[in-house]
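# Examination of the molecular architecture
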Amino acid sequence: MGDENAERRPEAKRALVEAFSTFENDALRDVWLFDQRNHERLYLRDDVAEKIADLDVPRFLDNERYGYITRDIYRDLYYADYAYTVRGFGEFEQFRTFLTGDDRKIGAFASFDRRQGGYDFGALDDDIDDVVAAYPLDAFVPE
């Protein structure tokens, strides 16, 4: 089964990028996967690559990993399931979600150029859920 997951990994990751891209193609800046130890850049727009050239990416990803803790806290405190987080920055909005609701720790985030009226991130989360349901979860493990 591990071999099947390895074979499906590129397809699953392309499908994930496609979900983000279809959501808002021209505004998509980047797409990343992360788990407790690794991260993988799936997509990075050229102009954004220049802007993050000096960014400490591992440190940035360590900050995203705090989401594992807050996800567990939300699960214990709220009557509804945690789905995603959106952060607003001066030039962009960042969407982060986890690819499963169980104890597996695989997350994804993407950034989009800011736009008047914002985005329907709930619809994006639904699209991502559909992609994740179509593949074994191990296919999304960052390399």
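Placed above this text is the structure.
So, here's what we can say about the structure. Not measured: the values here are computed from a predicted model.

### Examining the overall build of the protein chain
- Per the secondary structure count, the protein chain includes four helices and five strands.
- Its C-alpha radius of gyration of 15 Å places the protein chain within 12% of the 15 Å reference for a compact globule of 143 residues.
- In terms of overall dimensions, the protein chain has C-alpha extents of about 40 × 40 × 30 Å along its principal axes.
- Looking at the protein chain as a whole, 45% of its 143 residues qualify as buried.
- The contacts in the protein chain between residues at least 6 apart in sequence include a share of 64% that link residues at least 24 apart.
- Within the structure as shown, the protein chain displays about 8,300 Å² of accessible surface, and the carbon and sulfur contribution to it stands at 45%.

### Details of helix α4 (residues 121-133)
- Spanning 13 residues, α4 covers 18 Å between terminal C-alpha atoms, matching the ideal 18 Å at 1.5 Å per step.
- Inspection of α4 places F121, L124, D125, I128, V131 and V132 among the buried residues, and these make up the whole buried set. Down the axis of α4, the buried set is contained in an arc of 120°. They therefore lie on one face. With respect to the buried face of α4, the exposed residues turned more than 90 degrees away are D130 and A133.

### Quick look at the pattern of salt bridges
- Counting across every chain of the model gives 12 salt bridges.
- As a salt-bridge pair, R115 and E24 come within 2.8 Å of each other at their nearest N and O atoms. A residue pair is termed long-range when its members are at least 10 positions apart, and R115 in the loop between β5 (107-113) and α4 and E24 in the loop between α1 (2-23) and β1 (28-34) qualify at 91 residues.
- A residue is classified by how much of its surface remains accessible, and R115, at 38% relative accessible area, is partly exposed.
- One network of salt bridges, in which partners are shared, links R9, K13, E40 and E143.

### Observations concerning the side chain of T97
- Here T97 shows up in strand β4 (residues 92-98).
- Owing to a relative accessible area of 1%, T97 belongs among the buried residues under this scheme.
- Contact partners of T97, with chain neighbours within four places excluded, come to A83, Y84, G107, A108, D125 and I128.

### A few points about helix α3 (residues 57-77)
- Compared with an ideal rise of 1.5 Å per residue, which puts 21 residues at 30 Å, α3 spans 31 Å between its outermost C-alpha atoms and is within 8% of the ideal.
- Burial in α3 covers these residues: V57, L61, E64, R65, G67, Y68 and R71.
- For α3, the secondary structure elements touched by its buried residues are β1, β2 (39-44), β3 (84-88), β4 and β5.

Criteria and cut-off values
- Residues numbered from 1 in each chain as written.
- Predicted model: local features only at pLDDT ≥ 70, side-chain atom pairs only at ≥ 80, totals over all residues.
- Heavy atoms only, no water.
- Helix = DSSP H or I, 4+ residues; strand = E, 2+ residues; numbered from the N terminus.
- Rg over C-alpha atoms; globule rule 2.2 N^0.38 Å.
- Buried < 20%, exposed > 50% of the residue type's maximum accessible area, 1.4 Å probe, protein only.
- Contact = heavy atoms within 4.5 Å.
- Areas by Shrake-Rupley, 256 points an atom, 1.4 Å probe, with all protein chains shown as cover.
- Expected span 1.5 Å × (residues − 1).
- Arc of directions from axis to C-beta.
- Salt bridge = Lys/Arg side-chain N within 4 Å of Asp/Glu carboxyl O.

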